[in-house]
Amino acid sequence: MTQDGSLPGPGRTDTVGTAEQASGTVHPGPSRPDADELVQLIDPAGVRHPHGHYDRLVADVDGPALQRLYEDMVVVRRIDAEATALQRQGELALWPPLLGQEAAQIGSGRALRSDDFVFSSYRENAVAYCRGVDLADILRVWRGNASSGWDPYTINMATPQVIIGAQTLHATGYAMGILNDGADAVAVAYFGDGATSQGDVNEAMVFAASYQAPVVFFCQNNHWAISEPVGLQAHVPIARRAPGFGIPSVRVDGNDVLACLAVTREALARARSGGGPTFIEAVTYRMGPHTTADDPTRYRDANELEDWAARDPLARLATLLDSLGLLEADYTDSVRAKADAVAAELREGCLSMPEPAPSDVFKHVYSSPNSWLDRQQDHYERYLASFAQAPQEGPR
Ligand SMILES: Cc1ncc(C[n+]2csc(CCOP(=O)(O)OP(=O)(O)O)c2C)c(N)n1
Ligand SMILES: [Mg+2]
């Protein structure tokens, strides 16, 4: 198995799973005999392959369910494109695109229960969509309109973390709280390949393993940490690191939405049933820039992008749906209409956001009054007021 995650597929079948349901007890311990195996249920050519272990975890995913996953991916790709356009039009200061990572985020995001709690980085806007975020809320921070986009408890998802890897500690702490409460919810931490080099992520894994905390570490290996290729910091598959902490891990084709759903369901079931943490490495690719401020043509080869475009997560599911007779015009028209409507709502929500007052920047810094901050605010307000009082220069 290579770092790029390529995997030769076995023979073809069009069946979508068999027997058992997705839920149920999963016992602790490594689930895969070969941690380097890349779990794949739908290959890049859109062919569904049977899997001895994971088919049962997606046995309930019938044709209509596959269509819903496809619709989700089309919609979030459209959200991403619309937000990128808004940034180019000067309406957002910055945007971190998720182009290419739709399957990893929708497959895992749709596996979650509403009482699970997500701790993400800045790129998991498709996960936020799965959690039911108000669309404008995902733009609020990038428009410079607010310090935080939403109240975490309304959708059980913390606002995105920009300090690389820090959210893994928050997720682990939250999961330890779940243990204390005797609940069966799960905390899920999303982070990138680059984040795995941070101390925070490694410390989080030590604590998660020590306490057998119900946390899922979902690493999207999109092959780049800004301009640093994953091969520089990971000479072996990233998933191999977790067993060193005593955490079972799995590598999944991150461009295969069904496989991402299956491995996340397994990890969630393990955590709910007292089996502790799981580390998932979703092998995917960031097809766009790191953010709209980045120009990847300066550091990566166009051929690499072309190779990954051939493994596009949406295209392969479209091909599978087509082979099942589930990609008729009335369905694709309705998906397009939904994406158009969501994009229009996103744009409208962005453009109609009320402008905050300049001194709102002082709000929410501390939960209780702070004299040092109050003095700064007072000074700033007097400074702003001085412009109104200053004599205007007029024509002589
Ligand atoms: C602690 C910390 N160090 C450095 C940065 C600067 N930084 C922002 S994004 C990034 C790369 C992260 O790469 P990865 O974890 O692979 O996530 P991706 O952006 O690919 O989704 C870095 C180093 C930061 N935000 N926080
Ligand atoms: Mg990365």
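Relevant structure appears above.
None of the values given here were measured: they were computed from a predicted structure.

Student: Report on the overall build of the protein chain, specifying residues and quantitative values.
Tutor: Helices and strands together make up the secondary structure of the protein chain, namely 12 helices and eight strands. Counting only residues that meet the buried cut, the protein chain has 44% of its 396 residues in that class. Sequence-distant contacts in the protein chain: of pairs separated by 6 or more residues, those separated by 24 or more amount to 80%.

Student: Describe the pairing of strand β3 (residues 187–192), naming the residues involved and giving the relevant values.
Tutor: Summarising burial for β3: six of the six residues are buried, a large majority. The alternating pattern of β3 places Ala187, Ala189 and Phe191 on one face and Val188, Tyr190 and Gly192 on the opposite face, and all of these are buried. By the bridge criterion, three bridges tie strand β2 (residues 117–119) to β3 in an arrangement that is parallel. The residue of β3 that forms the bridge with Phe119 is Ala189. When β3 meets strand β4 (residues 215–221), the two strands line up parallel, connected through six bridges. Bridge pairing links Ala189 to Phe217 in β4.

Student: Residue-level account of the sheet that holds β3, with values.
Tutor: Taken in spatial order, the six strands of this open sheet run β1-β7-β8-β4-β3-β2, and their pairing is parallel. If you trace the sheet from one side to the other, it starts and ends with β1 (38–39) and β2, each paired once.

Student: Lay out the site of ligand 1 with the relevant residues and their values.
Tutor: Contacts to ligand 1 come from 16 residues, most closely from Ile164, Gly192, Gly194, Ala195 and Ala225. The set of elements that each furnish at least two residues to the shell around ligand 1 consists of β3 and β5 (224–225). Looking at the shell around ligand 1 residue by residue, the classes come out as eight nonpolar, five polar and three charged.

Student: If you had to explain the packing of helix α2 (residues 102–109) against helix α8 (residues 257–272) to someone new, which residues and values would you point to?
Tutor: The geometry of α2 relative to α8 is characterised by a closest axis approach of 7 Å and an angle of 40° between their N-to-C directions. In terms of orientation, α2 lies oblique with respect to α8. Between α2 and α8 lies a crossing whose hand is right-handed. Across the interface between the two elements, Ala103, Ala104, Ile106, Gly107 and Ser108 of α2 pack against Val257, Leu258, Cys260, Leu261 and Thr264 of α8. Residue composition of the contact of α2 with α8, by class: seven nonpolar, three polar and no charged.

The rules we used
- Residues numbered from 1 in each chain as written.
- Chains lettered and ligands numbered in written order.
- Predicted model: local features only at pLDDT ≥ 70, side-chain atom pairs only at ≥ 80, totals over all residues.
- Helix = DSSP H or I, 4+ residues; strand = E, 2+ residues; numbered from the N terminus.
- Buried ≥ 20, exposed ≤ 12 C-beta atoms within 10 Å, placed from the backbone.
- Contact = placed C-beta atoms within 7 Å.
- Pairing = 2+ DSSP bridges.
- Near = placed C-beta within 6 Å.
- Nonpolar A, V, L, I, M, F, W, Y, C, P; charged D, E, K, R; others polar.
- Axes fitted to C-alpha atoms, helices over the stretch in contact; angles between N-to-C directions.
- Parallel < 35°, antiparallel > 145°, perpendicular 65-115°, else oblique.
- Left-handed = near helix turned anticlockwise from the far one by under 90°.

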